[in-house]
Amino acid sequence: MKTHTWKEALRETIPASLAHDIDIFEGQMALMRQGKLDEKVFAETRLRRGVYGQRYDNGQRHDGLGEQTLDYPQDLVKGPNTVWDAAGMQRIKIPFGGLTPDQMDVLAQVADEYADGILHVTTRQDFQLHYVHIDDTPDLMRRLAAVGVTTEEACGNIVRNVTCCQFAGVCQTEPFDVTPYAHALAYFLLGHDDAQDFGRKFKVAFSGCADQACGLVMMHDLGLLAQVRQEGDQARRGFAMYVGGGLGTVPHQAQLLSEFVPEEEILPIAQAICRVFARLGEKRNRNRARIKFLVARLGIEEFRRLVFEERKKLPHDDRWVAYLDTLPHYRETPLKLPILLNGEDRPDGFDTWYATNVYHQRQGGYCVATVHLPLGDLTSTQMIQLADLARKYVGDNVRTTVEQNIVLRWVVEADLPALYRDLQAIGLGASGAGTIVDITACPGTDTCKLGIAASRGLAGELRTRLTAKSATLPDAIKDLKIKISGCFNSCGQHHAADIGFYGNSRKMGIHKVPHFQVVLGGQWQNNAGSYGLAIGSVPSRAVPEVVEEITNRYVRERERGEAFKDWAARLGKKEAREMIRPFMEIPAYEEQPEFFTDWGDPREFTLGDLGKGECAGEVVTLFSMEIAKAESEAFEAQVVLEANDFKQADHLAYRSMVLAARALIRTQYLDIGDDPDRIVEEFRARFYDTKLFFDKYAKGKFARYLFNRHAEPNPSPDHDTAHRLIEEAQLFIEAAHACDMRLNEAAPAPAKPTGDKKPKLPPSAKLPPGFEARRARLEKG
């Protein structure tokens, strides 16, 4: 009996364009195996199909003491610094988060057969699968395409998944349902010729309500906020359009492009924005290539002029308005007629779940039920079971959310107790959706190549502790947002949280210690209306106590009705730092060795095992002393920014980078002095031109923050530009810490003492000049 391949079996089911694209990708894989395709070209082509690298895919893993080589069958690569047979990540695009039970079944099947059986919901309403072999990706794509799901342009320098509020269409306060507009724009830009030549990714979001979190339009490259304008007797639909927002290393608030763009113009205006971005956006330096940098460089007025000028030049496209004809017929179909809850029997735990996980739709008798997914994860078995529950209660009305959950829409109120029992039976009945226990976290060091600290491990620990006392938590803190990123890139959206954290590390004597920078005062509401600022870095193991201290103090000191953001602003940066200062201390390794490991990771963060004399205290290096001055200056910049002294904030942020550069220089050249011109010149020669300062992935990005500000001082800084420079200064200081650690790791370690023998000192050729006499005295005892 002939065995059919998935390609043959699904030939008539997959849309021809998708089938052709998958065939092309499979052909490119074959060319790569034959050495006939450039590594960088193949890396971009697989990224544009959602096939991502994953931690350790370079064939090496750090075990806490040193790099170990992983054994793979072949030396073939799938792009620079990747190994063909290393496990990878597959991202799956879900426009506006919309799902059907049939799609959920297939997602579960491919997760079970090709990955580790776990589906992860992302902050862009996508799914991610981990530990996927690249050879399995074409069939995985075909099986998804057969049910209307694509991985196309899930990654790469293109338009990423278009997100949308999970309550769109059922929200009590929206002017109209933005879902069909999000769907139309997502598929209009998918593969569009004008969206293929960006220097970096481009993210789009739709929102129905200005004062809610909704689509978070203020932190997007392009954000569309629903508006209705009255023109005579007619109410005309349209959108306020915002451009140039984004988180990343240095967050930018989006700026208003137009107060009102009528519905028939949103697709051509989006196309014009893509053209301007592709033509004028940065291409060589990817660290300045997001559209937010282009908008900041040109200014919103000039950017606006270019966009609307470009709009006039566009050749007509029938697709701009074709979808509008379908709008009168667009609607979600409830599975059942509405029935109120009334006196239905309520199982144990239902009332708590009902209070946090149920949203009453504007359509009477119907609700949205949120399936709370801790860390955004569910198993393939749970996904199949949830698909069956969707068929039973809501039909095709399922969506993912930007807070890494799944919602069932159009649940009949009277069905809620039965739905709760069924969710409990499959392990998905947790309450607390949207509350302080519903913590967002990026993958961090679990699977991300850029992760510095264990964001998921920390999120899991915080969730466990907060859930244990959720019944007694004060009302004031129950709805606070905690968001965690494993590094400075803000994939966990830490800038927009009430309490945010991003991973970094510090050195204590000879040991490295995982840390998290504490970020206070971001705003999730008002579509991510403002961003928080870092107040200090604490050891990872101290973070739960830091959260407890911050929340307790907020409860004690808040004024009636005072939001956390406003309390944090009133507290001030100085006092906020003093609040966490006791937690910034690192205990001695011998007293609390757990501080030198991260949450959920048994490996030790260490530079090696070095003996310590009985008379010696902890080693405090010259760099440690010098970098502390830079950190103080950067913090003071935040304080004066808070006082609206933008010019001084700009100066102090710049000064902190100069001091951090000086700290590194003084490890090589003590007599550098204090002249900024000379410091920048020496830093460039010693650390930038030599690439000693370069991060493995960011390269010289952070150094250019200093060079740019030194070369072009801002004569009239405002709040936003000063805020950005402070963020850049903080990242420069973190990069200086990382550089110092790399240099120390590269230095030869002293030999380990054995018995009564004195430690062998390094050969004189590796010692600073003038050290010979001291070495002779040491060897004589």
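Residues numbered from 1 in each chain as written. Predicted model: local features only at pLDDT ≥ 70, side-chain atom pairs only at ≥ 80, totals over all residues. Heavy atoms only, no water.

**Structural notes on the overall build of the chain**
- Per the secondary structure count, the chain includes 25 helices and 24 strands.
- For a compact globule of 781 residues, the expected C-alpha radius of gyration is about 28 Å, and the chain comes in at 27 Å, within 12% of that figure.
- Projected onto its principal axes, the C-alpha positions of the chain cover 90 × 70 × 65 Å.
- Long-range contacts, defined as pairs at least 24 residues apart, comprise 70% of the intrachain contacts of the chain with a sequence gap of at least 6.
- As presented, the chain carries roughly 33,600 Å² of accessible surface, and 50% of it is formed by carbon and sulfur atoms. (Helix = DSSP H or I, 4+ residues; strand = E, 2+ residues; numbered from the N terminus. Rg over C-alpha atoms; globule rule 2.2 N^0.38 Å. Contact = heavy atoms within 4.5 Å. Areas by Shrake-Rupley, 256 points an atom, 1.4 Å probe, with all protein chains shown as cover.)

**Some remarks on the packing of helix H17 (residues 543-557) against helix H18 (residues 564-571)**
- Where H17 contacts H18, the two axes come as close as 11 Å, and the packing angle between them is 90°. Considered as vectors, H17 and H18 are oriented roughly perpendicular to each other. Together, Ile550, Arg553, Tyr554 and Glu557 of H17 and Phe564, Trp567, Arg570 and Leu571 of H18 make up the contact between the two elements.
- Taken together, the residues of the contact of H17 with H18 break down into 5 nonpolar, no polar and 3 charged. (Axes fitted to C-alpha atoms, helices over the stretch in contact; angles between N-to-C directions. Parallel < 35°, antiparallel > 145°, perpendicular 65-115°, else oblique. Nonpolar A, V, L, I, M, F, W, Y, C, P; charged D, E, K, R; others polar.)

**Description of the sheet that holds strand E12 (residues 255-262)**
- Ordered by their spatial adjacency, 5 strands build an open sheet running E8-E9-E10-E11-E12, and the pairing between neighbours is mixed. Every interior strand has two partners, whereas the edge strands, strand E8 (163-164) and E12, have only one.
- In this structure, strand E9 (residues 204-207) lies alongside strand E10 (residues 222-231), joined through 4 bridges in parallel fashion. The residue of E10 that forms the bridge with Phe206 is Leu224.
- Running at roughly 15° to strand E11 (residues 234-243), helix H7 (residues 266-280) makes contact with E9, E10, E11 and E12 of the sheet. (Pairing = 2+ DSSP bridges.)

**A word on the packing of aromatic side chains**
- Tallied over the full model, the rule gives 29 aromatic pairs.
- Taking the centre distance of 5.5 Å and the plane angle of 85° together, the rings of Phe176 and Phe239 count as edge-to-face. Here Phe176, found in the loop between E8 and helix H6 (179-189), pairs with Phe239, found in strand E11; they are 63 residues apart in sequence, far enough to count as distant. Each member of the pair, Phe176 together with Phe239, is buried.
- Residues Phe350 and Tyr420 carry aromatic rings whose centres are separated by 5.9 Å and whose planes lie at 75° to one another, so their mutual orientation is edge-to-face. Note that Phe350 is positioned in helix H11 (residues 350-357) and Tyr420 in helix H13 (residues 416-425), a separation of 70 residues in sequence. Across this residue pair, the class does not change: Phe350 and Tyr420 are buried.
- A cation over a ring is seen here: Arg684 above Phe707, with NZ or CZ 3.8 Å from the ring centre. (Phe/Tyr/Trp six-rings, centres within 6.5 Å; stacked < 30°, edge-to-face > 60°. Buried < 20%, exposed > 50% of the residue type's maximum accessible area, 1.4 Å probe, protein only. Lys NZ or Arg CZ within 6 Å of the ring centre and 35° of its normal.)

**Quick notes on the pattern of salt bridges**
- This structure, assessed with the given rule, holds 54 salt bridges.
- Linking Arg409 and Glu332 is a salt bridge whose minimum nitrogen-to-oxygen distance equals 2.7 Å. Here the residue Arg409 occupies a position in strand E17 (residues 406-412), and Glu332 occupies one in the loop between helix H10 (319-322) and H11, the gap between them amounting to 77 residues.
- On the basis of relative accessibility, which here comes to 0%, the residue Arg409 falls in the buried class.
- What emerges from the salt-bridge pattern is a single network uniting Lys7, Asp23, Glu26, Asp139 and Arg142. (Salt bridge = Lys/Arg side-chain N within 4 Å of Asp/Glu carboxyl O.)

**As for the pairing of strand E6 (residues 118-121)**
- Bridge count between E6 and strand E15 (residues 377-379): 3 bridges; the pairing is antiparallel. Counted as the bridge partner of Ile118 is Thr379 from E15.
- Bridging between E6 and strand E7 (residues 127-132) involves 2 bridges; their strand directions are antiparallel. Within E7, the position partnered with His120 by the bridge is Gln128.
- Here E6 folds back onto E7, and the loop between the two strands holds 5 residues, one of which, Gln125, carries a positive phi near 65°.

**Examining the sheet that holds strand E16 (residues 398-400)**
- Judged by pairing direction, the sheet is antiparallel, and its 5 strands sit side by side in the order E5-E16-E17-E14-E13 without closing on themselves. The open sheet has two free edges, formed respectively by strand E5 (98-99) and strand E13 (358-360), since each of these has just one partner strand.
- Where E13 meets strand E14 (residues 366-371), 3 bridges bridge the pair, whose relative direction is antiparallel. Residue pairing for E14: Val358 is matched across the bridge by Ala369.
- Here H13 sits on the sheet and contacts E13, E14 and E17; the angle it forms with E17, its principal contact strand, is near 145°.

**Some words on the state of the cysteines**
- If you walk through the whole model with that rule in mind, you get 0 disulfides.
- Free of any disulfide, Cys164 has its nearest cysteine sulfur in Cys165, 6.4 Å distant.
- The cysteine Cys274 is free of any disulfide, with Cys155 supplying the nearest cysteine sulfur at 18 Å.
- Judged by relative accessible area, Cys274 falls into the buried class, the value being 1%. (Disulfide = S-S within 2.5 Å.)

**Considering the side chain of Asp377**
- One can find Asp377 in strand E15.
- In this structure Asp377 comes out as buried when scored by relative accessible area, which is 19%.
- Engagement of the side chain of Asp377 in a polar contact is seen with the side chain of His120, the distance being 2.7 Å.
- In this structure Asp377 touches Ile118, Leu119, His120 and Arg456, once residues within four positions along its chain are discounted. (Polar contact = N/O pair within 3.5 Å; in protein donor to acceptor, adjacent residues only side chain to side chain.)

**A few points about unusual backbone geometry**
- For Trp410, which is not a glycine, the phi torsion comes out positive at approximately 65°.
- Within the secondary structure, Trp410 is located in strand E17.
- By relative accessible area, which is 8% here, Trp410 ends up buried.
- A positive phi angle, near 65°, is found at Ser490, a position not held by glycine.
- In this structure Ser490 comes out as buried when scored by relative accessible area, which is 4%.

**A short note on the packing of helix H20 (residues 622-642) against helix H21 (residues 646-665)**
- Running from N to C, H20 and H21 point in directions that differ by 170°, and their axes come no closer than 8 Å. Classified by the angle between their axes, H20 and H21 sit roughly antiparallel to one another. Along its contact with H20, which presents Phe623, Glu626, Ile627, Lys629, Ala630, Glu633, Ala634, Glu636, Ala637, Val640 and Leu641, the element H21 presents Phe646, Gln648, Ala649, Leu652, Ala653, Arg655, Ser656, Leu659, Ala660, Arg662, Ala663 and Leu664.
- Of the residues belonging to the contact of H20 with H21, the class tally is 15 nonpolar, 2 polar and 6 charged.

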